[in-house]
Amino acid sequence: MTAQSCLPAGLILATCLCLFGSATDARGQGACCLSDGCVPTADGPSCYAMGGFYFAGEDCADDPCGVGACCSGPSCVMMDAYSCLMGARDFMGAGTQCADDPCDIGTGACCTDGVCTVVSEEDCAAGGGVWVAVGTICVGSPCVLGACCVPGDCLDVAHFECSDPDATFVPGADCSTDPCEVPDECPANSLFSQQRDTPDGFQAYTSEEDAGLTRFDNFSGVAGPISALRWWGLDLDFVGSGFVECVESDNSFDIVFHTDAGGVPGPSVCSYTLAANRRPTGIDYLGAELNEYNVTLPEPCVLVHGWVSIVGLGDPECWFLWMSGGPGESYCEGCLAPFETDDLSYCLLGSAGGVLGACCDEPAAVCEDDVDIADCVDPNQVFAPDAACTDLDPPCGIITGACCFDDATCTVMEEAACAAQSGSWLGAHTICSYCPCAIPCPAGGVAEGEPECYDGYVDTFNGGCDAPTPAFQSIEFCETICGKSGIFLDGVEITADFDWYEIVVESATELTWNVEAEFPVGAWIIDGNAGCGGAVTLASVGALECSPIALTVAVEPGTYWLVVAPAAADDLAACGARYTARATGTTPCLVDYATFYACLTGPGGGLLPGCQPADLDLDNDVDLRDFAAFAQAIGG
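Reading the values: rules and limits
- Residues numbered from 1 in each chain as written.
- Predicted model: local features only at pLDDT ≥ 70, side-chain atom pairs only at ≥ 80, totals over all residues.
- Heavy atoms only, no water.
- Helix = DSSP H or I, 4+ residues; strand = E, 2+ residues; numbered from the N terminus.
- Contact = heavy atoms within 4.5 Å.
- Buried < 20%, exposed > 50% of the residue type's maximum accessible area, 1.4 Å probe, protein only.
- Salt bridge = Lys/Arg side-chain N within 4 Å of Asp/Glu carboxyl O.
- Pairing = 2+ DSSP bridges.
- Phe/Tyr/Trp six-rings, centres within 6.5 Å; stacked < 30°, edge-to-face > 60°.
- Axes fitted to C-alpha atoms, helices over the stretch in contact; angles between N-to-C directions.
- Core = buried A, V, L, I, M, F, W, Y, C linked by side-chain atoms within 4.5 Å.
- Polar contact = N/O pair within 3.5 Å; in protein donor to acceptor, adjacent residues only side chain to side chain.

S.K.: Account for the environment of Thr341, naming residues and giving values.
M.R.: Looking at where Thr341 falls in the secondary structure, it is placed in strand S25 (residues 339-344). When the C-alpha atoms of Thr341 and Cys318 are compared, they prove to be 25 Å apart, with 23 residues separating the residues in sequence. Residues contacting Thr341, with those up to four places away along its chain left out, are Pro327 and Gly328.

Below, the structure written as structure tokens:
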């Protein structure tokens, strides 16, 4: 069995319609390969509506979606069917092996005295080399010689031969020098170091995929390629209201290096998913043993100034907590307060110098070619490896940053140009993802119509059961309301503008209240059939600014109140802050094809401004699942 994906995920719907041409098996049998496994499916359209890939005539019991050879150009990797096809590669079938060369590549990486070439097995042997495997390539430096540190032993081998999952490879090292004996601190010749705090004064910060928290720390003055990392932390399980020590069974981490974007992490430059060598230190931190982690990067990362994030990927019941490294500043993605007042402990390891490139002194607007990285580490300098000054975009001395507009759009430009367009410039090297939250009214949206609140405001417009005389604003299913809310002083107390909407449900349905706001927001669904005196809250939830809410309750015919209000008394909820809200039922709200075409982002692609009505399955993106709901609704 072989299969090809129609195209990489996320391209426009007009191109993707070829997916719906897949045949239906005559026996009504087929397998749909999804990210989380195999689902029996009778036809292609049903499978693609779920975001999967369809194999006609296959039976899930035979595991057609399992791991097999995945071909792309001159390489072959072992991968499951969904991951392979989602990456626009050719899947050769579950159970196939790259070693059998199903991709008909015929060549592979050949190591000769530490030098890598891609040749046939025969040519490799004729040249006195060691052949790695068919379909392998030289990316990742498989032939570099060094020390392979495994628990209790050290081996002098090539990188590709250091395959033990618990091994750490030290490039260029020799076992006779004891490279596997690792001290509990950063080496004196580290490119950058922040030593760990001691047990008598420390903080440990969760940085774990399952917890939804990513920690970053910044570095500067790195005078050479980063080839290895060392860091410290604890493995803890959150039980009840506290942490207890656990033993991590999978020491895999995401390690990503980012540029600096005006004092916050910017775009990624180098990204790795690696298994770290975890070494318990025997040092006790309030009942938990400190662990030291070491990784060798398969390819060095060249970045003089920037940020690094380290996130645990292993056992969801055993989280990685990154040890502090003295007073300073670190950043958290997923935390309510993104900045922390501690540095984090880690070492960036490698040799200084050895990389040439363009060195730009930004304030002076002076650039030099063929400068060694070690001579371009000043805070005002920007180093571009393997580049010339004429390659810099923007040119040296032209400083750009994110220019944010009130309609939720953003463009990177110079400060003067941003001011000329009445935008808000975030600063040098900033990026658009850090623009303040903005919720513009989408096309077809209906203005709430309530005056903006102010200190002493009395809401008689749609204050619901809280108004002097109960007041509700009637809405219909699928109608998008463009509202404003905020907090204000009622005498000496802070209060909030609660907006109550009333909807009449004609038949039993799944009632969903969709809300997104420029402020931390709360949403409620209330049973209003017994009036204010007998009102019952059926569901409620809160969310941060620009985080969509889809609150759903199964309801019978009757009258229901849908409420929006600030969830916290802070500056983000100043009077006049905007939100959008929409009530939907089991029947999808139809939008026209042009809206789908303009809004399609693909799985996980997020919602573009004004595209909330096209998100028919309420998963915060617009993809083929939404198109399937649209097609089903118009088809009766």
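S.K.: Go over the environment of Cys396, please, and point to the residues and values.
M.R.: With respect to the helices and strands, the residue Cys396 is situated in the loop between strand S29 (381-385) and strand S30 (401-404). Cys396 sits in the buried class, given a relative accessible area of 17%. Apart from the residues within four sequence positions on either side, Cys396 is in contact with Cys360, Asp361, Ala365, Val366 and Cys367.

S.K.: If you had to explain the pattern of salt bridges to someone new, which residues and values would you point to?
M.R.: If you walk through the whole model with that rule in mind, you get six salt bridges. Its salt-bridge partner being Asp406, residue Arg578 comes within 3.4 Å of it at the nearest N-O pair. Of this pair, Arg578 sits in strand S44 (residues 577-584) while Asp406 sits in the loop between S30 and strand S31 (410-413), placing them 172 residues apart in sequence. Where Glu452 meets Lys484, a salt bridge forms, and the shortest distance between an N and an O atom there is 3.4 Å. Of this pair, Glu452 sits in the loop between strand S33 (446-447) and strand S34 (473-474) while Lys484 sits in strand S35 (residues 480-485), and the two are 32 residues apart along the sequence. You can call Glu452 partly exposed: its relative accessible area is 42%. Here Lys484 falls in the partly exposed class, since its relative accessible area comes to 38%. In the salt-bridge network here, residues are joined through shared partners; they are Asp406, Glu518 and Arg578.

S.K.: Outline the sheet that holds strand S38 (residues 499-505), supporting the account with residue identities and numerical values.
M.R.: Within a sheet, adjacent strands bond to each other through the backbone by hydrogen bonds, running parallel or antiparallel. Reading across from one edge, S34-S38-S43-S40-S41 is the order of the five strands in this open sheet, with mixed pairing throughout. The open sheet has two free edges, formed respectively by S34 and strand S41 (536-543), since each of these has just one partner strand. Note: S34 against S38, two bridges, orientation parallel. Paired with Gln473 across the two strands is Tyr501, which belongs to S38.

S.K.: Explain the packing of aromatic side chains to me, and be specific about the residues and the numbers.
M.R.: Throughout the structure, instances matching the rule amount to 27 aromatic pairs. Geometrically, the ring pair formed by Tyr331 and Tyr434 is edge-to-face, given 6.4 Å between the ring centres and 80° between the ring planes. Linking Tyr331 in strand S24 (residues 319-333) with Tyr434 in the loop between strand S32 (424-425) and S33, this pair joins segments that are 103 residues apart in sequence. Given a relative accessible area of 11%, Tyr331 falls into the buried group. By relative accessible area, Tyr434 is classed as partly exposed at 27%. Taken together, Phe192, Phe219, Trp231, Phe253, Phe257, Tyr272, Tyr293, Phe320, Trp322 and Tyr346 form an aromatic cluster joined through their ring pairs.

S.K.: So what's going on with the sheet that holds strand S8 (residues 108-112)? Residues and values would help.
M.R.: Overall, antiparallel pairing links the three strands, which are arranged S9-S8-S10 in an open sheet. With one partner strand each, in any of the chains shown, strand S9 (115-119) and strand S10 (130-134) form the two edges of the open sheet. Adjacent strand axes in the sheet meet at a mean angle of 25°, parallel and antiparallel pairs treated alike. Across three bridges, the pairing between S8 and S10 is antiparallel. Opposite Gly108, over in S10, you have Val134 as the bridge partner.

S.K.: Explain the nonpolar core to me, and be specific about the residues and the numbers.
M.R.: Core analysis: the biggest nonpolar cluster contains 29 residues, and Ile475, Trp513, Val515, Val521 and Leu562 have the highest contact counts within it. When contributions to this core are tallied by element, the ones reaching two or more residues are S38, strand S39 (509-517), strand S40 (521-527), S41, strand S42 (549-555), strand S43 (558-566) and S44. Formed by 27 residues, the second largest nonpolar core is a distinct cluster that contains Leu191, Phe219, Leu274 and Leu303.

S.K.: How would you summarise unusual backbone geometry if you had to cite specific residues and measurements?
M.R.: Backbone torsion omega between Asp393 and Pro394 reads 5°, so that peptide bond is classified as cis. Checked against the element boundaries, Pro394 lands in the loop between S29 and S30. Of note, Cys478 is a non-glycine position whose phi angle comes to about 75°, a positive value. Summarising the element assignment, Cys478 is placed in the loop between S34 and S35.

S.K.: Account for the environment of Arg230, with residues named and values stated.
M.R.: Along the chain, Arg230 falls in strand S17 (residues 226-239). Polar side-chain contacts of Arg230 include one of 2.8 Å to the side chain of Asn294.

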